[in-house]
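Read off the chains here:
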Amino acid sequence: MAERCFSIPRRSLGVRSFPNGLRIRTSTKLLIEDTGGDVWRGSIAMASFLPSDHRDCLEGRRVLELASGTGLLGLSLLVGEVAAGCVVMTDKPNMTELIEANVEANADIVPKEKLVVAPLDFCTPIGSEVAEGAPYDTVIVSDVFYDEDIVEPFLC
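Residues numbered from 1 in each chain as written. Predicted model: local features only at pLDDT ≥ 70, side-chain atom pairs only at ≥ 80, totals over all residues. Heavy atoms only, no water.

Engineer: Explain the pattern of salt bridges here, please?
Structural biologist: Side-chain pairing between opposite charges can occur once the charged atoms of the two side chains come close. Throughout the structure, instances matching the rule amount to 5 salt bridges. With a shortest N-O distance of 2.9 Å, R16 and D38 are connected by a salt bridge. With R16 in strand β2 (residues 15–17) and D38 in the loop between α1 (28–33) and α2 (41–53), this pair connects stretches of sequence that are 22 residues apart. For the pair formed by R16 and D38, the shared burial category is buried. (Salt bridge = Lys/Arg side-chain N within 4 Å of Asp/Glu carboxyl O. Helix = DSSP H or I, 4+ residues; strand = E, 2+ residues; numbered from the N terminus. Buried < 20%, exposed > 50% of the residue type's maximum accessible area, 1.4 Å probe, protein only.)

Engineer: Can you help me understand helix α5 (residues 96–105) in this one?
Structural biologist: Structural remark: α-helix, 3.6 residues per turn; residues separated by three or four positions point the same way. Among the residues making up α5, those that are buried are T96, L98, I99, N102, V103 and A105. As for α5, its buried residues are in contact with β3 (23–25), α1, α4 (72–76), β5 (86–91) and β6 (115–119). (Contact = heavy atoms within 4.5 Å.)

Engineer: What is the right way to look at the sheet that holds β5 in this model?
Structural biologist: Strand pairing in a sheet takes place through backbone hydrogen bonds and is either antiparallel or parallel in direction. Spatial ordering of the open sheet is given by β6-β5-β4-β7, a layout of 4 strands whose pairing is parallel. In the strand order of this sheet, the two ends are held by β6 and β7 (138–140), each with one partner. Averaged over all adjacent pairs, the angle separating strand axes in this sheet is 20 degrees, with direction ignored. Across the sheet, α5 is in contact with β5 and β6; its angle to β6 comes to roughly 165 degrees. (Pairing = 2+ DSSP bridges. Axes fitted to C-alpha atoms, helices over the stretch in contact; angles between N-to-C directions.)

Engineer: How do you make sense of α2 when you look at a structure like this?
Structural biologist: Over its 13 residues, α2 extends 17 Å from the first C-alpha to the last, a length consistent with the 18 Å expected when each residue adds 1.5 Å. All of the buried residues along α2 are S43, I44, M46, A47, L50 and P51. All buried residues of α2 project into a common sector of 165 degrees when viewed along the axis, lining one side. Of the surrounding secondary structure, the elements contacted by the buried residues of α2 are α3 (55–58), α4 and β7. (Expected span 1.5 Å × (residues − 1). Arc of directions from axis to C-beta.)

Engineer: Honestly, the pairing of β6 in this entry has me stumped. Any pointers?
Structural biologist: Side-chain direction in a regular strand flips from residue to residue, so the side chains alternate between the two faces of the sheet. Pairing geometry for β5 and β6, over 5 bridges, is parallel. Bridge pairing links T90 to A118 in β6.

Engineer: Even after reading the chapter, I still don't get the nonpolar core, so can you show me in this structure?
Structural biologist: Counting 26 residues, the largest nonpolar core has L75, L77, M89 and L115 as the members making the most contacts within it. Put simply, the parts of the chain that give this core at least two residues each are α2, α4, β5, α5 and β6. When residues in this core are grouped by element, the largest group, 4 residues, is from α2. Non-local contacts of L77, meaning those with residues more than four positions away in its chain, are made with L50, P51, L58, V63, V82, A83, A84, V87 and I140. (Core = buried A, V, L, I, M, F, W, Y, C linked by side-chain atoms within 4.5 Å.)

Engineer: Explain the pairing of strand β4 (residues 62–65) here, please?
Structural biologist: Bridge count between β4 and β5: 4 bridges; the pairing is parallel. Residue L64 lies in a different strand from β5, and its bridge partner there is V88. Examined bridge by bridge, β4 and β7 share 3 bridges and lie parallel to one another. Across the sheet, residue L64 finds its bridge partner in β7, namely V139.

Engineer: Could you clarify how one ought to interpret unusual backbone geometry in this entry?
Structural biologist: Residues apart from glycine generally show negative phi values, whereas peptide bonds are mostly found in trans. Residue P135 is reached from A134 by a cis peptide bond, and omega for that bond is 0 degrees. Mapped onto the elements, P135 comes out in the loop between α6 (128–132) and β7. The phi angle at A67 is positive, at roughly 55 degrees, despite the residue not being glycine. Position of A67 relative to the elements: it lies in the loop between β4 and α4.

Written out as structure tokens, the structure is:
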């Protein structure tokens, strides 16, 4: 098996460019307020690991991503040789604008008709956009449990 590299590309004018062609905008403001304003190694690893090692969980499947942050993982699942059928990317309401900006920034390589961006906070009831998309074949998360206050609402 080839060695995998999960390094985070350097940021140039607030944008990180990835080998799969995605350009991901980051937000220092959101990073100061929360952790979702930048790309973390967990999403880079998952974006590499899922298509190569778990093709059956993705190809043509309905995928729900919780705590999407910048949207790198969800967007990665729609580009390349193995692509999900539909991806619903979620995060707290203050994060969805950054995800939507990254969807727009990658409109040339990401099929927008195969994705939905919806607000979802683990501490509030599930919104209609997320509920209407159910059932999902695959639910993914990366870099979520950095704070023990998140664990209980996530599991309930």
